[in-house]
Amino acid sequence: MGMAWPFGLVADEKVCLGRVLVVDDEDSIRSLLRMTLAQAGYDVEEAEDGGRAVEVLNSGDNPLMVDVIICDIRMPRINGVEAIAYFRAQYPSLPVIVLTGYHDEQLASSLRKQGVVECLEKPAEREQILASVAQAIAGRRISFYP
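The shown structure was predicted, so the numbers you read here are calculated from the model rather than taken from an experiment.

Draft legend 1. Just the overall build of the protein, in detail. In terms of regular secondary structure, the protein is built from five helices and five strands. Taken across its 146 residues, the protein has 40% of its residues classed as buried. Considering only contacts in the protein between residues 6 or more positions apart, those separated by 24 or more positions represent 67%. Total accessible area on the protein stands at roughly 8,400 Å², and carbon and sulfur atoms take up 55% of it.

Draft legend 2. The arrangement of the packing of helix H2 (residues 50-59) against helix H3 (residues 80-90) in detail. Between H2 and H3, the shortest axis-to-axis distance is 9 Å and the interhelical angle comes to 20 degrees. By the angle between their axes, H2 is roughly parallel relative to H3. The two elements H2 and H3 cross, and the hand of that crossing is right-handed. Two secondary-structure elements touch here, H2 through Gly50, Ala53, Val54, Leu57 and Asn58 and H3 through Ala83, Tyr86 and Phe87.

Draft legend 3. Broad picture of the packing of aromatic side chains. Counted under the stated rule, the structure contains two aromatic pairs. Look at Tyr86 and Tyr91: their rings are 6.5 Å apart centre to centre, the planes differ by 80 degrees, and that puts the pair in the edge-to-face class. You can call Tyr86 partly exposed: its relative accessible area is 27%. Overall, the relative accessible area of 7% leaves Tyr91 in the buried class. A network of ring pairs unites the aromatic residues Tyr86, Phe87 and Tyr91 as a single cluster.

Draft legend 4. Seen up close, the nonpolar core. Among the nonpolar cores identified, the biggest contains 23 residues, and Leu21, Val23, Leu57, Ile69, Cys71, Ile84 and Phe87 are the most heavily contacted of them. Mapped by element, the contributors of at least two residues to this core are strand E1 (19-23), H2, strand E3 (68-71), H3, strand E4 (96-100) and helix H4 (105-113). Among the elements that line this core, the one with the most residues is H2, at four residues. By size, the runner-up hydrophobic cluster in this structure holds 18 residues, among which are Leu33, Val44, Leu99 and Leu130.

Rules used in this analysis
- Residues numbered from 1 in each chain as written.
- Predicted model: local features only at pLDDT ≥ 70, side-chain atom pairs only at ≥ 80, totals over all residues.
- Heavy atoms only, no water.
- Helix = DSSP H or I, 4+ residues; strand = E, 2+ residues; numbered from the N terminus.
- Buried < 20%, exposed > 50% of the residue type's maximum accessible area, 1.4 Å probe, protein only.
- Contact = heavy atoms within 4.5 Å.
- Areas by Shrake-Rupley, 256 points an atom, 1.4 Å probe, with all protein chains shown as cover.
- Axes fitted to C-alpha atoms, helices over the stretch in contact; angles between N-to-C directions.
- Parallel < 35°, antiparallel > 145°, perpendicular 65-115°, else oblique.
- Left-handed = near helix turned anticlockwise from the far one by under 90°.
- Phe/Tyr/Trp six-rings, centres within 6.5 Å; stacked < 30°, edge-to-face > 60°.
- Core = buried A, V, L, I, M, F, W, Y, C linked by side-chain atoms within 4.5 Å.

Written as structure tokens, this is what we have:
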């Protein structure tokens with residue numbers, strides 16, 4: 001029996017490059033990222049805060065159906081720093097890219113120590129976002145298959 005594709009993959013459909021979870025409390029940022037990533041061939045899941053992100057990650061049969069998380073820092077309820085600490089602890093193989101409106105070198109360096117692959121500033125360039133995501137996924141595949 002062949003693999004069952006949950007999203008009805010048709011033969012002529014573009015191959016999905018990976019799934020990205022976008023965590024940001026601003027609708028406009030989420031829809032911009034969704035558009036950017038979808039046009040480039042990624043599947044996009046959205047969460048408006050850290051709590052919802054955790055629900056999305058835990059909702060599938062396999063939480064690692066997501067390949068990369070792009071996460072904002074300043075959000076209501078569970079902020080990005082707390083959410084990222086959780087992602088890193090629960091899903092250490094899942095790359096996290098931070099997208100923030102506030103540059104803070106100390107925070108960026110402490111996040112990198114936690115294993116965040118990239119800290120981008122809003123508004124990040126389309127190319128920069130796509131390059132970071134592609135790099136994060138490539139890095140993850142390498143570490144997955146030693």
